[in-house]
Amino acid sequence: MWSYRAWRRRRILARNPVSPEVWQSVSRRLPILDGLTAEELKRLQERAVVFLNEKHLTALPGVVLDEQARLLLAVQAQLPLLHLADLNWYQGFHEIVLYPNDFISPQRHRDANGIEHEWDAEHSGEAWLQGPVIMAWPGVEESGQWDGYNLVIHELAHKLDMLNGDANGLPPLHGYMRVSEWAEAMQSAYDQLNAQLDADPDAETAIDPYAAEDPAEFFAVTSEYFFSAPDQLHEAFPLVYKQLALFYRQDPLQRLKHLQKSSADYQNPTSDSSTATNG
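Residues numbered from 1 in each chain as written. Predicted model: local features only at pLDDT ≥ 70, side-chain atom pairs only at ≥ 80, totals over all residues. Heavy atoms only, no water.

How should the overall build of the protein be read in this particular structure?
Assigned secondary structure in the protein consists of eleven helices and six strands. The burial tally for the protein puts 48% of its 279 residues in the buried class. For the protein, the accessible surface area stands at approximately 14,300 Å², while carbon and sulfur atoms represent 49% of it. (Helix = DSSP H or I, 4+ residues; strand = E, 2+ residues; numbered from the N terminus. Buried < 20%, exposed > 50% of the residue type's maximum accessible area, 1.4 Å probe, protein only. Areas by Shrake-Rupley, 256 points an atom, 1.4 Å probe, with all protein chains shown as cover.)

Explain the environment of His-258 to me, please; I cannot follow it from the model alone.
Mapped onto the elements, His-258 comes out in helix α11 (residues 252–262). Residues His-258 and Gly-35, spaced 223 residues apart in sequence, show a C-alpha to C-alpha distance of 7.8 Å.

How do you make sense of α11 when you look at a structure like this?
Structural remark: α-helix, 3.6 residues per turn; residues separated by three or four positions point the same way. Among the residues of α11, Pro-252, Leu-253, Arg-255, Leu-256 and Leu-259 are the ones counted as buried. Looking straight down α11, one finds its buried side chains confined to an arc of 160°; they lie on one side. In α11, the exposed positions that point more than 90 degrees away from the buried face belong to His-258 and Lys-261. On its buried side, α11 packs onto α8 (215–228), α9 (230–236) and α10 (238–248). (Arc of directions from axis to C-beta. Contact = heavy atoms within 4.5 Å.)

What should I look at first to understand the sheet that holds strand β2 (residues 95–99) in this one?
As a general point, the strands of a sheet are linked pairwise by backbone hydrogen bonds and lie either parallel or antiparallel. In spatial order, the strands read β1-β2-β6-β5; together these four strands make up an open sheet with mixed pairing. Looking at the sheet topology across the chains shown, the edges are occupied by β1 (56–59) and β5 (125–127). On average, each strand axis in the sheet is inclined to that of its neighbour by 15°, with strand direction left out of account. Of the strand pairs in this sheet, β1 and β2 are connected by four bridges, and their pairing is parallel. Its bridge partner being in β2, His-56 is matched across the sheet by Glu-95. Along the sheet face, helix α6 (residues 151–161) touches β5 and β6 (133–136) and points at about 165° away from the line of β6. (Pairing = 2+ DSSP bridges. Axes fitted to C-alpha atoms, helices over the stretch in contact; angles between N-to-C directions.)

Help me out: how do you make sense of helix α4 (residues 67–78) in this one?
Between its terminal C-alpha atoms α4 stretches 16 Å, which fits the 16 Å expected from twelve residues at 1.5 Å a residue. For α4, the tally of buried residues reaches nine of twelve residues, placing the bulk of the element in the interior. All buried positions along α4 are accounted for by Ala-69, Leu-71, Leu-72, Leu-73, Ala-74, Val-75, Gln-76, Ala-77 and Gln-78. Tucked into the core, α4 has its buried residues touching α2 (20–28), α3 (38–54), β2, α5 (137–142) and α6. Capping the start of α4, Asp-66 holds a side-chain oxygen 3.3 Å from the backbone nitrogen of Gln-68, two or three residues further along. (Expected span 1.5 Å × (residues − 1). Polar contact = N/O pair within 3.5 Å; in protein donor to acceptor, adjacent residues only side chain to side chain.)

Help me understand the pairing of β2, please; the structure alone is not making it clear to me.
Regular strands show a simple pattern: their side chains alternate between the two faces of the sheet. Of the strand pairs in this sheet, β2 and β6 are connected by four bridges, and their pairing is parallel. Considered in β6, the bridge of Leu-98 is made with Met-135.

Can you help me understand unusual backbone geometry in this one?
Leave glycine aside and you will find that most residues have negative phi; peptide bonds, for their part, are mostly trans. A positive phi angle, near 55°, is found at Gln-130, a position not held by glycine. Residue class for Gln-130 comes out exposed when judged on its relative accessible area of 64%. With a phi angle near 60°, Arg-249 is a residue other than glycine that sits in the positive phi range. Within the secondary structure, Arg-249 is located in the loop between α10 and α11.

Could you clarify how one ought to interpret the environment of Tyr-149 in this entry?
Along the chain, Tyr-149 turns up in the loop between α5 and α6. The sequence separation of Tyr-149 and Asp-208 amounts to 59 residues, and the corresponding C-alpha distance is 8.8 Å.

In short, the description is geometric, and any link to function would need to be established separately.
Shown next as structure tokens:
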């Protein structure tokens, strides 16, 4: 049966070929792709090309976007969706704004007493409900390692979260998943992290302490770790890892373990968890 969507996709791919040299250059900069099969890499490349056709990247002065830079961002954006059906998971926004450095963002919060507080905060990324995604380009370039930091995945996890409305740490789950099991795993780990920081605000936590900010940030940070430091996340919060594996339909930990057994480059891993704060 003829499908306009499939026809349009084929047309986009035909009009925007990626040379082997460009793809190899981008792949070398993204170790978190290591261990993916040839079929997965092909699907990832194609989805990245379609993503770039559907989303507008706005580079502010100081950010230079060539073909490799655009693909570097798009591939990381599509990695979480690699094994999800193509159902427009990144709906609700059309633009990604790229700053040359971290940016100042006005913040507002109403406390339990009804008092509203306003302040300016320095951020490396933001995602707005029914609005654009904003990222600092250095954070995009620093992403893609096995180190627990990925600004692109973090901000786009917020967009997945927002598919149900305001970001609250609960994206739309698949039919075989139970909200009660998701909530129990996430809430328990979130409470554990907050209890540790309440006891010692300077504690060296297993994952970025920014995850304790609120449930939405907990989902975004743990999504970062799921793809870029799955061993750390699994060791700290195995039930959270299990729920994310069900949601993303991927198992990066097994891929990393296989690399550590089969690849000389992974015999002595030296990755460290990043503690960069991003919204």
